[in-house]
Every structure is written in structure tokens, then in C-alpha cells.
Amino acid sequence: MRRVLLLIAAAACGGEHPAPAPIKFLHTFGPEETELFNATMTERGIAVEAKLAPFARGQQVIGEILRAGTSCPDLIRIDATWLPGLVAHDLLLPVPPELQHEDWLPEVEARMGVPQTIDGLIELRDEAAPAPRSSSIADLVAAARATAHAERPHPLGLRADGYWFVPWLRDAGSDIDLDHIGNAGAVEGLAQFAALFGDVAPPPPPAGSEAPEELRRWLQHDTAYWVTGPWQVGALRERERLQITALAGAPRGGQMLVVPKCAKDPAAGWRLAGELTSVPVATKFAEAFATVPTRASALAAAPPLVQAEYQALRGAQPLARSPVTPLLFDDLNPAIAAVIAHDATPQEAIDGVRRGWERLARREPR
Amino acid sequence: MKGSLRWRVLLVMALAALLPTLVVGVLAILRARHDVEDEVQRGALAHIRALGAALDGTLQDARRTVELASSQWADAPGDARATQLLMARLRRDVPIVQSLSILDPDGKSLYGDPVPAGVDIGSHSFGGYIGDAVFVDGRPTVHLVVQARGRTGELMGVFVASLDLGFVHDVIAAARLGPGARVLVIDGRGELVATSEPTATPTSAIKGNPVVDRALASSVEGTLSAGGWVSAYRNLSSYQSLRGVRWAIIHQQPEAQAYALARRTTRDTILIGGIALALALGLGAFFATRLTRPLADLARRADAIAAGHATEGPAIEGPGEIGVLARQVDDMAKRIAERAELAAALARGDRLASVGVMSAQVAHEINNPLTTVLGYAKLLLEDKPEGHPDRSALELIAEEAERMKKIIGGLLEYARAPRPSEPATQVATGAVTSGSSEPSAVVKHVAALVAPQLRKAKAQLVTAVEPQQPLSIEAHALQQVLVNLVQNAAQAGATTITIGSRPGPGGIATVLTVADDGPGIPAADRSRVFDPFFTTKAPGTGTGLGLAVCKHLVATAGGTIEVGDRADGHGAEFRVTIPVA
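Attention in this report is confined to the structure presented alongside it. (Residues numbered from 1 in each chain as written. Chains lettered and ligands numbered in written order. Predicted model: local features only at pLDDT ≥ 70, side-chain atom pairs only at ≥ 80, totals over all residues.)

Description of the overall build of chain B
Counting its secondary structure elements, chain B contains 13 helices and 15 strands. Counting over 581 residues, chain B shows a buried share of 33%. Taking the contacts inside chain B whose residues are at least 6 apart along the sequence as the reference set, 62% of them involve residues at least 24 apart. (Helix = DSSP H or I, 4+ residues; strand = E, 2+ residues; numbered from the N terminus. Buried ≥ 20, exposed ≤ 12 C-beta atoms within 10 Å, placed from the backbone. Contact = placed C-beta atoms within 7 Å.)

Side note on the interface of chain B and chain A
Each partner contributes to the interface: chain B provides 30 residues, whereas chain A provides 34 residues. At three residues, helix H5 (residues 210-217) of chain B tops the list of elements feeding residues into the side of chain B that touches chain A. When its residues are assigned to classes, the side of chain B that touches chain A shows seven nonpolar, 14 polar and nine charged. (Nonpolar A, V, L, I, M, F, W, Y, C, P; charged D, E, K, R; others polar.)

Let's talk about the packing of helix H16 (residues 325-340) of chain A against helix H17 (residues 346-363) of chain A
Residues and elements named next belong to chain A. Where H16 contacts H17, the axes come no closer than 9 Å and their chain directions differ by 165°. When the axes of H16 and H17 are compared, the pair comes out roughly antiparallel. Crossing of H16 over H17 shows right-handed handedness. Counted together, Leu327, Leu328, Asp331, Leu332, Ala335, Ala338 and Val339 of H16 and Pro346, Ala349, Ile350, Gly352, Val353, Gly356, Trp357 and Leu360 of H17 form the full contact between these two elements. Residues of the contact of H16 with H17, tallied by class, amount to 12 nonpolar, two polar and one charged. (Axes fitted to C-alpha atoms, helices over the stretch in contact; angles between N-to-C directions. Parallel < 35°, antiparallel > 145°, perpendicular 65-115°, else oblique. Left-handed = near helix turned anticlockwise from the far one by under 90°.)

Observations regarding the sheet that holds strand E1 (residues 97-103) of chain B
Strands pair in a sheet through their backbones, by hydrogen bonds, and they do so in one of two ways: parallel or antiparallel. All names here are of chain B. Pairing is antiparallel in the open sheet, where five strands are placed in the order E2-E1-E5-E4-E3. Each having just a single partner strand, strand E2 (109-112) and strand E3 (128-136) make up the two edges of the open sheet. Across the sheet, the mean angle separating the axes of adjacent strands is 25° when strand polarity is ignored. Here E1 pairs with E2 via three bridges, running antiparallel. The residue bridging Ile102 from the neighbouring strand is Tyr111, located in E2. The strands touched by helix H1 (residues 5-75) within the sheet are E1, E3, strand E4 (139-149) and strand E5 (155-164), with E4 carrying the most contacts at an inclination of about 35°. (Pairing = 2+ DSSP bridges.)

Given below as C-alpha cells:
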């Protein structure tokens, strides 16, 4: 009886304590990921005040918020390429040692941010095609061309985008940085890449409709080889016929969880980061969206398809860790579009890109 | 009252009416509320979708127009005149443009208005963006940044346009909102961009509003009921032109007004349900009374039967099984009355039988000495010559003795006839009642027997009996009955006596009639004429046993005998009904 009274008293007194302040989280999740995140937090009883920073403006919005220092979130989800810029401006807190020593996969590091997912470009093959695996860009193009026929004139799924251009750029001996963009390989790589559209790859669809168009072509078996990333695999409902292999020269990236220096409650931010990379939550995201976890334990619990994605991404190379790297694509993408549209020669386009990157280098820290 | 059948029937009917009314009513109320809530939320979402589409369309038009202009400009960035014309056309074609600037790739102003402070003209935005809302002179404004790229995709400059968001307020204000409803457009920082309310809602008024946090945290749309408001929200980042815009549209309506229809439906349902219930109870009470009234009558009838008044009261009417029960109770009451009558008759019969047996014994004992008295009286008369003074006394003794012998003979005859309740084979007197007789033959024999007596009485006998199926009565018994009836008629003064016959009920019996044109039998005497020793004849002329014997003989054969007026109303008619053999 006495124990019961004590419990009742404790419960009554407990009601007077204010609820813990919600963890302020600024993220770049897509619509479906956002809904799963909200549901997961509710399910796990974690109070989070989440705000969405659209990926297209994420870097700008986050920069503005962190520089202003007001309404500062406790945790931010960013693209891995944005990390060097934020570090360069000394806006982030280092990861606490206990979190640094989790069972992170060797492809990621957890010093200035906790890696949440690994992504990058991979090669998806339609098992029903059939499409043998390729070991190089030339192999890929040749293999794709071999699967073309009247009903499937463009069997290579490729996007007219600087990120997709990276394997061809590297295959031609260049890369996404100012030191390499001026060499002959860049021009040659761009020429080869641009020549694929309308040949073995379909002409680019209108801007903004790339992802749904690629998905539609894949579902209709118009694509035998699809160069894409885990973010598109997650949108596929029929994953049985997928064969995933590494793409030669593919870029690798991912999403990071960082705690800004202006955070009111950094410990809460790190707690949420730990939660988001934990086995149950990472597994939930892996099952729903085929996102590759960053912890060995979470990867082991992930579906086989996700583990295949990880294997395909192990050989991929990250982009140069520079604050300007994500900005480079602002110049590269229009240049690629101009060459594909035959508005410019590869040489003209690369020259323009080089001038733009030089201007960026003068303005931004490298 | 509470224990009565009427109360119980009323209770059953009340329950039968109340439970379905409650269940159906509650279900109807819940369903109506659910449907109304669903409709309200869907309506609010549709509303903000339409508003979002309008917002998206306007901004998308502005963005595309500026993008086209920037592409055109990037092909000849040094042509100042063409640039001025282009900017003038842009201001004309995009009326929401408040200010317009063209910068070089390093951010230096080339043409147009000064660039507002705080506008990021750098990249970080995949070639351009629409920023968060800012307030210029109190008016919500948004900066549109578009990179101008030349033929080769190289950055040639940056277009910065400040767009007046007053149109958002105009669109929202023009919307037809429900009572008490308001629409808020907020940006990603929770700043109020526009509202449908005529007086500006300060941003502080929406701080802490749970739907604002929910809308900004969500990437799609949803609804929320909190703080007395029904809210629907949609994050606008999903719209094409607004990609990168962290805005949300919120539709809010006080719950009391949003769900007014549900409340009215609830109230009407309760009202209609109450009326229906009251009607059901009223009708239930009415029908319970109607239903139980015959039962109450039946109860009273049962009490009367128990009290020995079985045939009292009118017939009970009732519907269905109750009517059947009432009729059966009536029948039962009649049977009980008949049985009581029968019991009384039997008791009377027993008494008469006892008297008869005793009389027979007495008559038997008296008969022998009386025979001796009569014999000696006749012997003495033979010895006395005519005129002897003792002769008249002896003649009187002989006559009275003769009369006494007749009485004793009748008594013995009555005693020999079996009782109606006794089986024919157990008749103690030895009269054989089993057997059959053909009526016409018996009637013919009767006519011969009574002919002398009828001549003496100056009466005639008419017989109208055709040969027919034999009857289940001994011929001598039927003969005795008919002779008795004919003699009675003749003694009553009839001049014409008719014996007839007709088929009985159902063809299983024959009715023999003995009708006369005599004075008839008074109605008051008809129920007693078959009682022993009842006679209407002058004292000393009848024993009162003739008709009693007739009744016993007929009853022994399984038949009946009754008396009434002749068909023409003149004289008496005895109807003897005897089953056919």
C-alpha cells in the first residue's frame, strides 16, 4: 500500500516537470523520407522540432541560418559535399569521441559529422534484359549498345548532369577540380559523354522531370543499364530483377549529420544523430528507401539489395573535399547541356567551366 | 401495476424501441461527425491546394519569364540599349516585379536597381532560387535570383528580381472561406507572408501555433485538430516553381464553426430520435393496453369460472392467438357448465333410480297380496247376485285393486328399463336394448295395436313412414315408445295423430315424429313431462311414468326425445331421434 501511494505521488509530482525541450533538427529529407522520419520519432518517443531545408537550397539556407546564429538547430542533415564548406567557415562542432568510435564502415569518417548514409553512382542492370556486367565505361557503353534493338533504342539510363559526367571525366583522365578541368581529357570526356544522348542513351527530358522519366523508362524495360544511385533504387517497388554492380570511376558521397556551434543543445543533437544511425532506425530507412547505412552493424541488418549497393559503392571515389566542390556543378551542368544541345563544342563548354571555377576559386576558400 | 402483464409488455416494447433507436442514433451521429470531419478536412486541403497552385503558377510564370530574359541577355551582355529594352519588357510582362537588377558574375551591379541587402547571388542553389520572404516597406517580398548563362553554359551575369507578394494576399482574400476560417501563408522561418484576415495578423500571433511547426516539419500535407482549431496545411516545396521555397499554406477554422453541420446533425438526430422514441412508447402503451385487455378479460372470466359462474359475461374478443384462447376458454366454460348440469342431472337420476328400485321392491311386495285381494274380490262378486247390497262395495274394491295393479305394473316397467348412464349389456332389469328395428314395420304394428283404443276415442292415426334402414333400437322398445305417445295424444283429446319420419342430422339417425292436433303441451311443462310421476292428467287417470319410460328407452338406444309444438302451431309434436343401425 505504501509503495502504491509512493508511486501515485511520484506520478503526480512527475506531471509538474516540464516536458523536455524538443531537439531542433534541420534536414534535407525528401517527402517520403520526411514522413518516415516524423513517424519514427513519434514511434520512438523522441521530441523533435524538425524543419525542412529543401535540398536545392539546403546549402544556402543552412549557411544563412548558421551565420545568423538565431533559430540555430541542434542537428543538421547535409550532403557530404557541403561539409568542407561548413568546416572551412568554422561553423561545426567535432563529433564527440564516444560517437567517433562507433562501428563506422571504413568508407566513412565521423570527425566533423556523423555519416548517415553512403550514396553515389552505381550500375543497375535489368536481369530480364539480359545485360552482362561491365568493368569499365567503355564496356558499359558497349554492353548497353549490344542490348539495343528496335523496341529499345536507348538502353542506357543516363542523366545529363555533372554528377553523372564524373565517371566519363575520370575515365578520360580528368576530374572535378580546377587542377584537372583544363586538360584535354576533360574535353574528350565531355565529348564522349554528350555523344551518348540520343545515341545509346535517351535525349534529356525537360529539366525537373529527369527522375520520374528515368523511373518510367526502367519500369517499361526501355533501360537495360541504368546509371543511378540508391535514392532511385528506393523508389522501385519491384526490386527482384535488379542486378547491382560497381560503376567504374563512379563518385561516392553520402549524407551527414552535423551539430553547429550555435546549437543550443549540442548533446541533444548528437543523441539524435546516434539515434538516426542506430541499427533499428537505419534498418527502417534501408528497407523503405534502400539507403545504405554507415555502421557495420546496421549494414549487416540491412536487406541484401542494400548490401549489394554498399559493395558496388566500395570502389567508388569521393569527390574532392573542397568547399567549392558542390559549387562546381553550377557551371558544369549548363555546359554539359549546351554540348548535348549542340549549342557549344566540348572545348567551348570546358573553357567556360574552367573560367567559372577560377572565379569561384578566387571567391571561395579551397 | 409493475408486476402486471401490461406493464411488462410496455417494458418490452419500450426496450424494443429504445435499443434500436439508441444504437441507430449513436451510429448515425458518429457517422455524420466522421463524414463531416472528413469533408471539412478534405475541403480545407482542396482549398489550400488550389491556393498553392495559384501561387505556384504566378511565381512559375515570373521565374520562366526572367529565365528566358536572362538567356536572351546572356547572348549579348554588353548591349546596354537592348538590356534596357529587355528590362522594360520584363517589368511590363511580370507586373509583380518590384525591382530588377543585373549583376556581373562577381556580383557587381551592371544594370537596373540597386541589389537589396542580404541577397545571396552566389551559387549554392543549382543556378537560381526563390528566397524566403522579406518585408519591404511592410509589404511581403521575395527575391528571385536567376543565373544568366550564355550559349556555352558559361555564367554571364545574375538577374535579381524582387517580387511583390501582395498578390498572395489578394488571392487568399478573394477566396471564399467558411465561417471563421482563415488562411495563412508562412515561410520557412515561420514568418507570416500573407493572411486572409482583413487586419494583419502579427507574426508573433502564430508563433507557437502547433500547426505551423507541423507544416514546416512536413514535406507534404496533412490536418491537425488542436487548440480549438481544425487546421489543414501543405508544404509548398513540392510545387514545381516553388522548389526550394520553404513555405507552407495553412487553413484554419474554429472547430465550433467547422463542425457546425455535425453539431446540427447531432441535434437533429437526437430530436428526431426522441420524437420517434416518444411515438414508439405512446404507440407501445396503446398496443400494450389493447393486447392485454382480452387477457385481463380472460383472467376475470377464469375467476368467474372458479367461482362457479362459468357462463356469465359476454364472449371475449381478441386478435390472433388471444382470440383463439378466448374462444377456447368460452368453450371450456360452456363444457364446465354442461358438465355441472350433467352432474346435477346424474345426481337427480341416481336419486330417482333409488326411488325406482325401492318402488319396484315395494310394488313387487305389494303386487302379490294385491292379486290376492283382487282375486277374492272377484270371487266374492261372482257369489253375489245383481242387486246384492255388498256388490257395489266389492266392485269398488276390485276397481281400486285393478288401478293399483296398473300403477304397480308401471312402476315395475320403469324399474325394468335400464338407466341412460348404464351400458346396454348391463341393464339390471334384463331389458335387452341391443338389436335393431325397421321403423315402418314397427309403426304398422303399432297402428294395429292402438286401433281399438283410437276408435273408442274417435281419433284416427295417420302413418307416413316409408320402409328404410333399421334403427339401433329393439322393435318392442320402439313399439312401446310409439304406443305410449299415440295413447297420450288420444287421451289428450286429439282427433288426428300422425306418425312420420325424416332423416336425422348427418344422415346417421332418423327422426320419428308423433304429432297431434290436441291442445298441445304448455311451454312451462315441457321440461318436466319426461320426469317420472309428472302428469297433467286428472288424478287417478295416469301414473306419470309413461313418458319417463319412453325417455329411458330412447336414451338407452343412444337417441333423444323432445317435445314441441307441431309445425302449424296446433297441437304437440314429439320428435324421437334414433341412430341408424
